[in-house]
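Residue-level structural notes
Here's the letter readout for the chains.
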Amino acid sequence: MDNRQALGSWLSGPRAAAEDAGVDFGYRGEQLGLPEEGPGSIARPGRRLGALAVDWALCMLIAYGLITDGYDQATGNWALGILLVLSVLTVGTVGSTPGKRLFGLRVVSVNGGRLGLARVAVRSVLVCLALPALIWDRDGSGLHDRLSGAVQVRI
């Protein structure tokens, strides 16, 4: 093996090296029985982050305008609490937050149905903790989704 090949395989990561060796990973959501593209497919990370940014901005606006009447540390704390309540109420009833609806996403059970209120509450608390949402599996689902038995799909 040429040194350039070894360096190239290191830079491209373990997945690319495994694919070069002939390992077939399939597409995101294949193990869950979801389609590869279109409605019902796994939501891409960019859309999910965009939806979270919209929801966070909405919560900051509510906290800034209605609760703290100015920007300080308390505004961010209130916004986090509002995000928790917003997520539990909207995902628990209609399956998506305002940001997710804007980006064409919905949170459903891995089995295909709606999430129960307890699972929505667990998922929302884990989203507010942030770290579980940053750990993703091969299908692109965050740890918060895996622990609550949820998946974010395109509408």
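Residues numbered from 1 in each chain as written. Predicted model: local features only at pLDDT ≥ 70, side-chain atom pairs only at ≥ 80, totals over all residues. Heavy atoms only, no water.

**Some details on the overall build of the protein**
For clarity, the cut-off: A run of H or I in DSSP counts as a helix once it spans at least four residues, and a run of E counts as a strand once it spans at least two, with each numbered from the N terminus. Exposed residues in this analysis have more than 50% of their type's maximum accessible area, buried residues have under 20%, and partly exposed residues fall in between, with area computed by a 1.4 Å probe over protein chains only. Note that accessible areas follow from Shrake-Rupley with a 1.4 Å probe, and for residues the cover is restricted to the protein chains shown.
The helix and strand inventory of the protein stands at eight helices and two strands. When the helices and strands of the protein are read in sequence order from the N terminus, they spell out α-α-α-α-α-β-α-α-α-β. For the protein, the residues scored as buried account for 34% of the 155 residues in total. For the protein, the exposed area adds up to about 9,200 Å²; of that, 63% sits on carbon and sulfur atoms.

**Observations concerning the pairing of strand 1 (residues 105-109)**
Going by this rule: Pairing between two strands is assigned when DSSP locates at least 2 bridges connecting them.
Burial analysis of strand 1 places four of its five residues in the buried class, which makes it a mostly covered element. Pairing of strand 1 with strand 2 (residues 150-154), which is carried by five bridges, proceeds in the antiparallel orientation. Paired with Val108 across the bridge in strand 2 is Val151.

**Brief notes about unusual backbone geometry**
Phi angles above zero are rare outside glycine, and Ala130 is one such case at about 70°. Mapped onto the elements, Ala130 comes out in the loop between helix 6 (117-129) and helix 7 (131-134).

**Structural notes on helix 3 (residues 45-68)**
Since the α-helix packs 3.6 residues into each turn, any two residues three or four apart lie on the same face. What counts here: Here the expected length of a helix is defined as 1.5 Å per residue gap, with one fewer gap than residues. Only heavy atoms matter for contacts: two residues are in contact if any of them lie within 4.5 Å across the pair.
Spanning 24 residues, helix 3 covers 32 Å between terminal C-alpha atoms, matching the ideal 34 Å at 1.5 Å per step. Buried within helix 3 are the following residues: Arg48, Gly50, Ala51, Asp55, Cys59, Met60 and Ala63. In this structure, the buried residues of helix 3 make contact with helix 4 (73-93), helix 5 (98-102), strand 1, helix 8 (143-148) and strand 2. At the C-terminal side of helix 3, Asp69 shows a positive phi close to 55°.

**Section: the packing of helix 4 against helix 6**
In plain terms, the rule: Where helices are involved, their axes are fitted lines through C-alpha atoms of the stretch in contact, as for all axes, and angles between N-to-C directions lie from 0 to 180°. These descriptions rest on fixed angle ranges, namely under 35 degrees for roughly parallel, over 145 for roughly antiparallel, 65 to 115 for roughly perpendicular, and the rest for oblique. Each crossing is labelled by how the near helix is turned from the far one, with a counterclockwise turn of less than a right angle marking it left-handed and a clockwise turn marking it right-handed. Under this grouping Gly is polar, as are all residues other than the nonpolar Ala, Val, Leu, Ile, Met, Phe, Trp, Tyr, Cys and Pro and the charged Asp, Glu, Lys and Arg.
Two numbers describe how helix 4 lies on helix 6: the axes approach to 9 Å, and their chain directions differ by 150°. On the basis of their axis angle, the class for helix 4 and helix 6 is roughly antiparallel. Viewed along their axes, helix 4 and helix 6 form a crossing whose handedness is right-handed. Where helix 4 abuts helix 6, its residues Leu80, Leu83, Leu84, Ser87, Val88, Val91 and Gly92 lie against Leu117, Val120, Ala121, Arg123, Ser124, Val125 and Cys128. Of the residues assigned to the contact of helix 4 with helix 6, the class counts are 10 nonpolar, three polar and one charged.

These figures capture arrangement, not role.
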